[in-house]
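The chain contents come next:
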Amino acid sequence: MNHSKVAADKVTFTLDKMLAAGASVNMYMFEGGTNFGYWSGANSGYNPQTTSYDYDAPLTEAGDPTDKLMAIRSVIKKYAKIPDIPMPPATQKLAYGQTQLTAYGSLYDVLDKLTPYGPIKTDYPITMEAMQQNFGYMMYRTTIAITVKNTTLLDIPGIKDQGYIIINKVPMGIVNRNKPTGLNVTVSKGDILDIVVGNQGRINYGSLIADMKGIISNVTLGGTILKGFEIYSLQLDEFVSNIKPKSVLGFAITRPRHQAQLSVPTLYTGTMPDLPPDITQPRDTFLKMSGWTKGQAFINGFNLGRYWPARGPQITLYVPATILKPKDNVIVLFELETAPCNTASSCTVDFIDRAILNATVPSKH
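This report concerns the structure included in the present document. (Residues numbered from 1 in each chain as written. Predicted model: local features only at pLDDT ≥ 70, side-chain atom pairs only at ≥ 80, totals over all residues. Heavy atoms only, no water.)

### Details of helix 2 (residues 67-77)
Lys68, Leu69, Ile72 and Val75 are the residues of helix 2 that are buried. Each buried residue of helix 2 lies within a common arc of 120° when the element is viewed along its axis, so the set occupies one face. Turned more than 90 degrees from where helix 2 packs its buried face, Asp67 and Lys77 sit exposed. (Buried < 20%, exposed > 50% of the residue type's maximum accessible area, 1.4 Å probe, protein only. Helix = DSSP H or I, 4+ residues; strand = E, 2+ residues; numbered from the N terminus. Arc of directions from axis to C-beta.)

Below, the structure is given as structure tokens:
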């Protein structure tokens, strides 16, 4: 996957031709943007869009002018009078530096707080929309009621969009609407099966625009339809907004692993470095997620969007100065898969002064 880029000379060549012909011009995109929260959509296929909507636009995601903007301005001058006013400068950026994170609690440690009203009980899975939830994450739970002697295929053909298979609080693997929707598992009668489902963005154009989320059809184990589900609507944003600086739960974290590559979804938290003494007001910055895998990032309760550096190409998330305070800025990550936290020194993120939107290696950077 590559970040969208169009060379400035191609843009100006086409613009010159259009204006010479007397045509009207509409630019998409003229200013880049950000899919904050859960607002990143998807293209038909199914290809989730990145959190950044910078689009290599004449004005960046942070609203900064580029050389491409100046080239476009030079072409327009040939056909129209342009006000003789100075170009606004780029906003000041700040590399706040490294932030140490601590495991706050796993999904199971805070499940009662993420779902204060408890689960909805149904015979069969129902969609996210039927749960009156528009975005984010849900967990489907059922108790295995059949006897299974051998490793058996757990199949979820209606997974929309990605599901984390957890048995007795131990992660087993991942299913995805674009990949095999089934996973071979070893289970016994009475085991607890949890499926944590993430909405990765709805297809936002074309004939497939009715893109329902959650689990939209039956779940089978060895061909037998599973019944008796409890469905948890995870109120992640509401819970995260109440996490305070340097707060911890104060008990052992439930974080079992089936393999080194996968842990149960876990919340991590930390406090950003304060402003340097010579700077009095917050500045734009970029949250660099190298080493982390996939999840959701929050600062001061504001949902920055999804990070997914393991897939790329986007490695940083844009952090506007308007959501920051001079000090005690709380960062929370909801890491779905694997955190780089085997040691305290590795459990960190960095705040840098530039965007990294087109990394070439979709792994650890």
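After presenting the structure, the write-up continues.
### Points about the sheet that holds strand 16 (residues 220-221)
An order of 13-9-16-17 is seen for the four strands of this open sheet, with the pairing classed as antiparallel. Taken across any chain shown, the strands that pair with only one partner, and hence form the sheet edges, are strand 13 (182-185) and strand 17 (224-225). Pairing geometry for strand 9 (residues 152-155) and strand 13, over four bridges, is antiparallel. By the bridge assignment, Leu154 is partnered in strand 13 with Leu183. (Pairing = 2+ DSSP bridges.)

### Concerning the packing of aromatic side chains
For the structure on display, the rule yields eleven aromatic pairs. Ring centres of Tyr96 and Phe351 lie 6.5 Å apart, and the angle between their planes is 70°; this geometry places the pair in the edge-to-face category. Of this pair, Tyr96 sits in the loop between helix 2 and strand 5 (97-100) while Phe351 sits in strand 27 (residues 348-352), and the two are 255 residues apart along the sequence. Residue class for Phe351 comes out buried when judged on its relative accessible area of 1%. (Phe/Tyr/Trp six-rings, centres within 6.5 Å; stacked < 30°, edge-to-face > 60°.)

### Focus: the sheet that holds strand 12 (residues 170-176)
Within the open sheet, the six strands sit side by side as 7-18-8-14-11-12. Their pairing is antiparallel. Of all strands in the sheet, those bounded by a partner on one side alone are strand 7 (120-122) and strand 12. Direction aside, the axes of adjacent strands within the sheet are offset by 25° on average. (Axes fitted to C-alpha atoms, helices over the stretch in contact; angles between N-to-C directions.)

### Quick look at the state of the cysteines
For the structure shown, the criterion picks out one disulfide. The disulfide partner of Cys341 is Cys347, and the gap between their sulfur atoms is 2.1 Å. The S-S bond linking Cys341 to Cys347 shows a torsion near 65°; that makes this disulfide right-handed. Neither Cys341 nor Cys347 differs from the other in exposure class; each is buried. (Disulfide = S-S within 2.5 Å.)

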